[in-house]
Amino acid sequence: MTVPRPSADRRLYRVSEAMYLLSMSRSVIYEQIRSGRLRSVTQGRTRLIPASAISDYVALLEQEARAS
């Protein structure tokens, strides 16, 4: 399956696109969502990750890296 490159002006990403952006597997993405570390929304049956949630998650990882 080929995932199209997400564009910078998008506000919502499918899980497959978030996987590409964060270089994480599907199971890790869903684990982070379940734990509350990565926010998501649903539209119908589709789970979407807001662009701001991806930015917040990266900032959280950076903060955790500085703290260790």
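Residues numbered from 1 in each chain as written. Predicted model: local features only at pLDDT ≥ 70, side-chain atom pairs only at ≥ 80, totals over all residues. Heavy atoms only, no water.

Draft legend 1. Summary view of unusual backbone geometry. Despite not being glycine, Ser23 has its phi angle at roughly 55°, a positive value. Note on placement: Ser23 falls in the loop between α1 (15-22) and α2 (26-35). (Helix = DSSP H or I, 4+ residues; strand = E, 2+ residues; numbered from the N terminus.)

Draft legend 2. Expanded view of the packing of α1 against α2. Contact pair α1 / α2: the axes reach a minimum separation of 9 Å and the direction vectors enclose 100°. Taken together, the axes of α1 and α2 are roughly perpendicular relative to one another. Residues Val15, Ser16, Ala18, Met19 and Leu22 of α1 form the contact with α2, whose own contacting residues are Arg26, Ile29 and Tyr30. (Axes fitted to C-alpha atoms, helices over the stretch in contact; angles between N-to-C directions. Parallel < 35°, antiparallel > 145°, perpendicular 65-115°, else oblique. Contact = heavy atoms within 4.5 Å.)

Draft legend 3. Up close: the sheet that holds strand β2 (residues 41-43). A sheet is described by the order of its strands in space; here three strands give the open sequence β1-β3-β2, paired in antiparallel fashion. Of all strands in the sheet, those bounded by a partner on one side alone are β1 (12-14) and β2. Taken pair by pair, the neighbouring strands of this sheet meet at an average axis angle of 45°, ignoring direction. Bridge analysis of β1 against strand β3 (residues 46-50) gives three bridges, and the strand direction is antiparallel. Its bridge partner lying in β3, Leu12 is registered against Pro50. Seen against the sheet, helix α3 (residues 51-67) touches β1 and β3 and runs at an angle of roughly 60° to β3. (Pairing = 2+ DSSP bridges.)

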